[in-house]
Amino acid sequence: MAPVAMRLAAQSLSDAQPVPFWLEDPGKPGALPALTGTETCDLLVVGGGYSGLWTALLAKERDPSMDVVLIEGREVGWAASGRNGGFCAASLTHGFGNGLARWPGELPKLEELGERNLDAIEETVARYGLDCEFERTGEIDVATEPYQVEELAEVYGELDRLGLADGVELLDRDAVRAEVDSPTFLGGMWDKRGVAMLHPAKLAWGLKRACLDLGVRIYENTPGTQLVQVGAGMGVRTPYGRIVAGRVALGTNVFPSLVKRVRAYTVPVYDYALMTEPLSPEQLASIGWKNRQGLGDSANQFHYFRITADHRILWGGYDAIYPFGGKVSAEMDHRPETYLKLAEHFFRCFPQLEGLRFSHAWGGAIDTCSRFSAFFGTAHQGKVAYAAGFTGLGARWTTARRRTSSSPSTSSAASRSWRGSASATPGAARSTPARASPPSSARRTRGRWRTRPGSPASASAPPASAVT
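A brief look at the structure comes next. Quantities reported herein were computed from a predicted structural model and do not represent experimental measurements. (Residues numbered from 1 in each chain as written. Predicted model: local features only at pLDDT ≥ 70, side-chain atom pairs only at ≥ 80, totals over all residues. Heavy atoms only, no water.)

## Considering the overall build of the protein chain
Line of reasoning, step 1. Per the secondary structure count, the protein chain includes eleven helices and 18 strands.
Line of reasoning, step 2. Across the 468 residues that make up the protein chain, the buried fraction comes to 57%.
Line of reasoning, step 3. Nonlocal contacts in the protein chain, meaning residues at least 24 apart in sequence, comprise 77% of its contacts between residues at least 6 apart. (Helix = DSSP H or I, 4+ residues; strand = E, 2+ residues; numbered from the N terminus. Buried < 20%, exposed > 50% of the residue type's maximum accessible area, 1.4 Å probe, protein only. Contact = heavy atoms within 4.5 Å.)

Structure representation (structure tokens):
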């Protein structure tokens, strides 16, 4: 980094608060009391992120008489669900390329299910009045190198061949800069309906309220410490008590699963983001961005960026840091050298915004697996269901996934389709990835089209029977 660029980047960070912007919202709800003593229920959900919240909500929608309890180790939405970029994508395969490499024969069905799932999220947000700033504005993958222009054209051609190009537009240099103006943009591909922007913490808090309104009992600051069999059901111990349930659904994401064998299939990776102060009308006019799409560049180490309701810019990604030994630690949540790098990259992308300052800088762990796509399964004769490996794309995957695991009346809950029809179950829903190992490089994958065939993500995964 040139000395002048480093100095300007450092100055832009001087007032940045080391906390997630989203979690500082004044509408944040207060924490609910911790569990004390012994409780019983039909379904226990462990984890108060998107996985757990959608599971509890869908379980109560399916059967209002079901007794559902949710426990969260800290407060609902405090981790990845409340501090992510707020991109809610339709893709269930962590990118078109990843899906094409792993499930080529089922990709059209997977794309269809993903689009239906995003439609269902939008409908649920409206039905419950979830004030999460949901905007289905789409996402543009931008090319910043000539070879990326060619790659985007190839991807568009493959989409067209498979009949999946509806709502997708290939943009040349002038067209992409007419949408969002950066001298680094050489082209792009705009998926106009497959991605929504939202306020991630408000979504989690809204789901919490909806769950409570439907009768879900929620206990915060209540980590599950041990999973044991209790008669015909399962028990989960907590610091001040325990819960005995007919079925248990685990949505603990990057944190160690209560099903110990699952821990070997994921590793933590730390992701970081910056948030600017609100842009002035003049600054907004200099970049355009009137259609408020999310954006991501097309490099392997890529940036993701979007504009907020109050005209700030979130700028994140690039570095993907694996902690030595795979330990999740709060010490890794902040990395000044990454913040400095991100700030320098921001002003290289938007030189017209020189002088803009960052108000917040934060990071946190996400879980990833060898196939860069979520997996799930059951344990304890079908009485426990789990999901993991979201690789930073849990904002939309958890809804599709949890449409099945919320049912305590079936021992095959985690192997059924997202919509409850076994005949529609694609292969992507049935396998568990190979055991995870620390990433050898900081290759990142996010967005509908990323993870190209031939990348590390194309390694095959064993069938579920090999690991259950």
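There's plenty left to go through after this.
## Quick word on the pairing of strand 1 (residues 37-46)
Line of reasoning, step 1. Taken together, the nine bridges between strand 1 and strand 11 (residues 241-250) define a ladder with parallel strand orientation. Pairing of Thr-38 across the sheet is with Arg-242, part of strand 11.
Line of reasoning, step 2. The parallel pair strand 1 and strand 2 (residues 68-71), bridged by helix 2 (residues 50-62), forms a crossover whose chirality is right-handed. (Pairing = 2+ DSSP bridges. Right-handed = clockwise from strand over helix to strand, strands pointing away.)

## Things to note about the nonpolar core
Line of reasoning, step 1. Core analysis: the largest hydrophobic core is formed by 35 residues, its most contacted members being Phe-185, Leu-274, Trp-289, Leu-295, Phe-346, Phe-350 and Leu-353.
Line of reasoning, step 2. Looking at this core, the elements that each hand over two or more residues are strand 4 (139-143), strand 12 (267-276), helix 9 (281-287), strand 14 (303-307), strand 15 (313-317), helix 10 (336-349) and strand 16 (358-368).
Line of reasoning, step 3. Broken down by element, the residue count for this core peaks at six residues, all from helix 10.
Line of reasoning, step 4. In this structure, Leu-274 is in contact with Leu-13, Ile-313, Leu-314, Trp-315, Tyr-339, Leu-342, Ala-343, Phe-358, His-360, Ala-361 and Trp-362, ignoring residues within four places of it in sequence.
Line of reasoning, step 5. Formed by 31 residues, the second largest nonpolar core is a distinct cluster that contains Leu-118, Ala-204, Cys-211 and Ala-249. (Core = buried A, V, L, I, M, F, W, Y, C linked by side-chain atoms within 4.5 Å.)

## Some details on the packing of aromatic side chains
Line of reasoning, step 1. Tallying each qualifying case throughout the model produces 15 aromatic pairs.
Line of reasoning, step 2. Judged by centre distance (6.2 Å) and plane angle (80°), the ring pair of Phe-305 and Phe-350 falls under edge-to-face. Of this pair, Phe-305 sits in strand 14 while Phe-350 sits in the loop between helix 10 and strand 16, placing them 45 residues apart in sequence.
Line of reasoning, step 3. You can call Phe-350 buried: its relative accessible area is 0%.
Line of reasoning, step 4. For the pair Phe-346 and Phe-358, a centre-to-centre distance of 5.3 Å together with 75° between the ring planes defines the contact as edge-to-face. Of this pair, Phe-346 sits in helix 10 while Phe-358 sits in strand 16; the two residues are twelve residues apart in sequence, bridging distant segments of the chain. (Phe/Tyr/Trp six-rings, centres within 6.5 Å; stacked < 30°, edge-to-face > 60°.)

## Thoughts on the pairing of strand 16
Line of reasoning, step 1. Counting buried positions along strand 16 yields eleven of eleven residues, so the element is predominantly enclosed.
Line of reasoning, step 2. Alignment of strand 12 against strand 16, held across ten bridges, turns out to be antiparallel. Note that in strand 16 the partner of Met-275 across the bridge is His-360.

## Focus on unusual backbone geometry
Line of reasoning, step 1. In this model, Asn-221 sits at a positive phi of 50°, which is unusual for a non-glycine residue.
Line of reasoning, step 2. Position of Asn-221 relative to the elements: it lies in the loop between strand 8 (217-219) and strand 9 (226-230).
Line of reasoning, step 3. Positive phi, normally seen in glycine, also occurs at Arg-292, with a value near 60°.
Line of reasoning, step 4. Its location among the elements puts Arg-292 in the loop between helix 9 and strand 13 (294-297).

## So, the environment of Ala-361
Line of reasoning, step 1. Within the secondary structure, Ala-361 sits in strand 16.
Line of reasoning, step 2. Sequence spacing of Ala-361 and Tyr-272 is 89 residues, and the spatial spacing of their C-alpha atoms is 7.6 Å.
Line of reasoning, step 3. Ala-361 has contacts with Ala-16, Gln-17, Pro-18, Val-19, Ala-273, Leu-274, His-334 and Tyr-339, leaving out every residue within four places of it along the chain.

## With respect to the pattern of salt bridges
Line of reasoning, step 1. According to the stated counting rule, one finds 24 salt bridges in the structure shown.
Line of reasoning, step 2. A salt bridge links Glu-169 to Lys-192; the shortest N-O distance between them is 2.8 Å. Linking Glu-169 in strand 5 (residues 168-171) with Lys-192 in the loop between strand 6 (187-191) and strand 7 (195-197), this pair joins segments that are 23 residues apart in sequence.
Line of reasoning, step 3. With relative accessibility at 31%, the residue Glu-169 sits in the partly exposed group.
Line of reasoning, step 4. What makes Lys-192 partly exposed here is its relative accessible area of 34%.
Line of reasoning, step 5. Across the pair Glu-344 and Arg-348 runs a salt bridge whose closest N-O atoms are separated by 2.6 Å. Taken together, the residues span about one helical turn, with Glu-344 and Arg-348 both in helix 10 at a distance of four residues.
Line of reasoning, step 6. A cluster of three or more residues bridged by salt bridges with shared partners is formed by Asp-319, Arg-335, Glu-337 and Lys-341. (Salt bridge = Lys/Arg side-chain N within 4 Å of Asp/Glu carboxyl O.)

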